[in-house]
Amino acid sequence: MIDPARVLQPLDEVEGAIRILRDYETPDQLADAVRMVEGAVERALRLLLRSDSGAPDALRLAALSPADLPFEELVQALRQRSLISLELGGLAHELRQAAGRAAAHQPRAADADVAQRVASRLRAEVHALGEQPMRSAAHHAVEERAVGEEPSPVPPPARRTRGLLVGIAVAVAALVLVFLIVGRLADGTAEAMDRAIADFRAGRLDSAEVGFRTVVERDPENVSALLYLGRIYRRQGRLQPAADRLREAVRIAPEDADVRRELGHLFADLRRPEQAIEQYRRAVELEPEASANWLALIHALRAAGSPEADDWLRRAPPEVQAALGGPS
């Protein structure tokens, strides 16, 4: 059985560095913090594999040795054993690239965000491993109901000729009311969103869920809040509500690459690789400059044994090719 406290001990030991990621003042502080967090993440991932009692003895023995089990093979082994998600595997590669930039004294501000996301995601997934029976039950329920498919568009209502003036008057009144409501709630909604995002990044998923739900209650078409809720529910193994939220997000923003990538992660968790690949491919088309989209797509193609993996890798940005070792 996985012991979250033991596996996550390396992250606990660099909590100070994680805090520095939020309020660093110099590039050197950022670089040092990124390198410390990346090292802790790799140690935690190795402890996670070592803690898997069902893994082959040879794999568990090699888990703690970078020489015997290089980082790329470590991530692949964790993915094959369903110990980490595809998204976390991709983020871990991004963090490794960030650590390389930090070592070369060329850190980027975005590297702090990547490091925080990896630490938060790793904590959430390790804790979720203890709830595997519930996750399996949720997975079965979702597959039975075939949740996750995009809804069919609703045809627009037929034009009515009667009551046109009444309809216009009602619409004008509603518009005035909307402006009044927005004027009063906009500030509160923005504050709730900021607090929820901070909770999410810190791994306080219960508080983050409450915050994002508050935002959605005030603004039902807030795509960012719906996306975050989908992420939270999926990481907790609550795949049915995750699918519901993501369907809403896709309906509102079908051209949002982040939504498409998260929907791909959901399909991957449901062991529906073809549909996951379709969503990742769409995310790459919508936002080709985002490494996370390429990493997710290529990992999924490789996991499916698709010959297209190398073709996509040749077209990927240089940092993605460097992270994945180039085409085979």
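Residues numbered from 1 in each chain as written. Predicted model: local features only at pLDDT ≥ 70, side-chain atom pairs only at ≥ 80, totals over all residues. Heavy atoms only, no water.

### Comments concerning the packing of helix 6 (residues 71-80) against helix 7 (residues 86-103)
Piece 1. Two numbers describe how helix 6 lies on helix 7: the axes approach to 10 Å, and their chain directions differ by 165°. With respect to helix 7, the element helix 6 is oriented roughly antiparallel. In this structure, helix 6 crosses over helix 7, and the sense of that crossing is right-handed. Mapping the contact onto sequence places Phe71, Glu72, Val75 and Arg79 in helix 6 and Leu86, Gly89, Ala92, His93 and Arg96 in helix 7.
Piece 2. Of the residues that constitute the contact of helix 6 with helix 7, the class distribution is four nonpolar, two polar and three charged. (Axes fitted to C-alpha atoms, helices over the stretch in contact; angles between N-to-C directions. Helix = DSSP H or I, 4+ residues; strand = E, 2+ residues; numbered from the N terminus. Parallel < 35°, antiparallel > 145°, perpendicular 65-115°, else oblique. Left-handed = near helix turned anticlockwise from the far one by under 90°. Contact = heavy atoms within 4.5 Å. Nonpolar A, V, L, I, M, F, W, Y, C, P; charged D, E, K, R; others polar.)

### Some details on the packing of aromatic side chains
Ring pairs (aromatic) are described by centroid distance and by the angle formed between their planes.
Piece 1. Here the structure, examined in full by the defined rule, presents three aromatic pairs.
Piece 2. Taking 4.6 Å as the distance between ring centres and 5° as the angle between the ring planes, the aromatic pair formed by Phe212 and Tyr228 counts as stacked. Note that Phe212 is positioned in helix 11 (residues 205-218) and Tyr228 in helix 12 (residues 223-235), a separation of 16 residues in sequence. Tyr228 matches Phe212 in its accessibility class, with the two residues each being buried.
Piece 3. Among the aromatic residues, those joined into a ring-pair cluster are Phe200, Phe212 and Tyr228.
Piece 4. Seen from the ring of Tyr228, Arg231 lies directly overhead, with NZ or CZ sitting 5.2 Å from the centre.
Piece 5. Its end group placed over the ring of Trp312, Arg315 keeps NZ or CZ at 4.0 Å from the ring centre. (Phe/Tyr/Trp six-rings, centres within 6.5 Å; stacked < 30°, edge-to-face > 60°. Buried < 20%, exposed > 50% of the residue type's maximum accessible area, 1.4 Å probe, protein only. Lys NZ or Arg CZ within 6 Å of the ring centre and 35° of its normal.)

### Quick notes on the confidence of the model for the chain
Piece 1. Looking at the chain as a whole, its pLDDT mean stands at 83, while 81% of the residues score no less than 70.
Piece 2. When the criterion is pLDDT under 50, residues 146-155 qualifies, and its contacts beyond four places in sequence or with other chains add up to 19 contacts. (pLDDT = per-residue confidence, 0-100.)

### Regarding empty space enclosed by the protein
Piece 1. A complete count under the given rule lists one cavity of 30 Å³ or more for this structure.
Piece 2. The space that makes up the largest cavity amounts to roughly 70 Å³.
Piece 3. Contributing to the lining of the largest cavity are Leu86, Glu87, Gly90, Leu91, Glu94, Arg117, Arg261, His265, Ala292, Leu295 and Ala296.
Piece 4. For the lining of the largest cavity, the secondary-structure elements that each account for two or more residues are helix 7, helix 14 (257-269) and helix 16 (291-303).
Piece 5. A per-element tally of the lining of the largest cavity places helix 7 first, with five residues.
Piece 6. Grouping the constituent residues of the lining of the largest cavity by class yields five nonpolar, two polar and four charged. (1 Å grid on protein atoms, 1.4 Å probe; cavity = no way out; pocket = protein on both sides within 12 Å on 5 of 7 lines; lining within 4 Å. Points joined across faces, edges and corners; volume = space filled by probe spheres on them.)

### A look at the pattern of salt bridges
Piece 1. All told, the structure shown has 26 salt bridges when counted by the stated rule.
Piece 2. When the shortest N-O distance is used, the salt bridge between Glu221 and Arg251 registers 3.9 Å. Taken together, the residues Glu221 in the loop between helix 11 and helix 12 and Arg251 in helix 13 (residues 239-252) connect sequence positions 30 residues apart.
Piece 3. Look at Glu221 and you get partly exposed, because its relative accessible area is 48%. (Salt bridge = Lys/Arg side-chain N within 4 Å of Asp/Glu carboxyl O.)

### Digging into helix 11
For an α-helix, 3.6 residues make a turn, and residues three or four places apart therefore share a direction.
Piece 1. Compared with the 20 Å implied by 1.5 Å per residue over 14 residues, the 20 Å span of helix 11 between its first and last C-alpha is a close match.
Piece 2. Inspection of helix 11 places Leu205, Ala208, Glu209, Gly211, Phe212, Val215 and Val216 among the buried residues, and these make up the whole buried set. Taken around the axis of helix 11, the buried residues stretch over an arc of 165°, which confines them to a single face. Residues Asp206, Val210 and Glu217 are exposed on helix 11 and point more than 90 degrees away from its buried face. (Expected span 1.5 Å × (residues − 1). Arc of directions from axis to C-beta.)

### Notes on the nonpolar core
Piece 1. One finds Phe212, Leu266, Tyr280, Ile298 and Val320 to be the most contacted residues of the largest nonpolar core, which totals 50 residues.
Piece 2. The residues touching Val320, leaving out its near neighbours within four places in the chain, are Ser291, Trp294, Leu295, Ile298 and Leu313.
Piece 3. One finds Ile2, Val14, Ala33 and Leu95 within the second-largest nonpolar core, a separate group that totals 43 residues. (Core = buried A, V, L, I, M, F, W, Y, C linked by side-chain atoms within 4.5 Å.)

### Concerning the layout of surface pockets
Piece 1. Put simply, the largest pocket is a space of about 510 Å³.
Piece 2. Lining the largest pocket are 24 residues, with Glu94, Ala110, Val114, Arg117 and Ala292 positioned closest to its centre.
Piece 3. Ranked by the residues each element gives to the lining of the largest pocket, the list is headed by helix 8 (residues 109-128), at six residues.

### Details of the environment of Ala202
Piece 1. Relative to the elements of secondary structure, Ala202 occurs in the loop between helix 10 (164-201) and helix 11.
Piece 2. Owing to a relative accessible area of 34%, Ala202 belongs among the partly exposed residues under this scheme.
Piece 3. Between the C-alpha atoms of Ala202 and Arg117, which are 85 residues apart in sequence, the distance is 8.5 Å.

### What about helix 17 (residues 308-315)?
Piece 1. Within the sequence span of helix 17, burial applies to Ala309, Asp310, Trp312 and Leu313. Seen from one end, helix 17 has its buried residues packed into an arc of 165°, which puts them on one side.
Piece 2. Next to the buried residues of helix 17 lie helix 15 (273-286), helix 16 and helix 18 (318-324).

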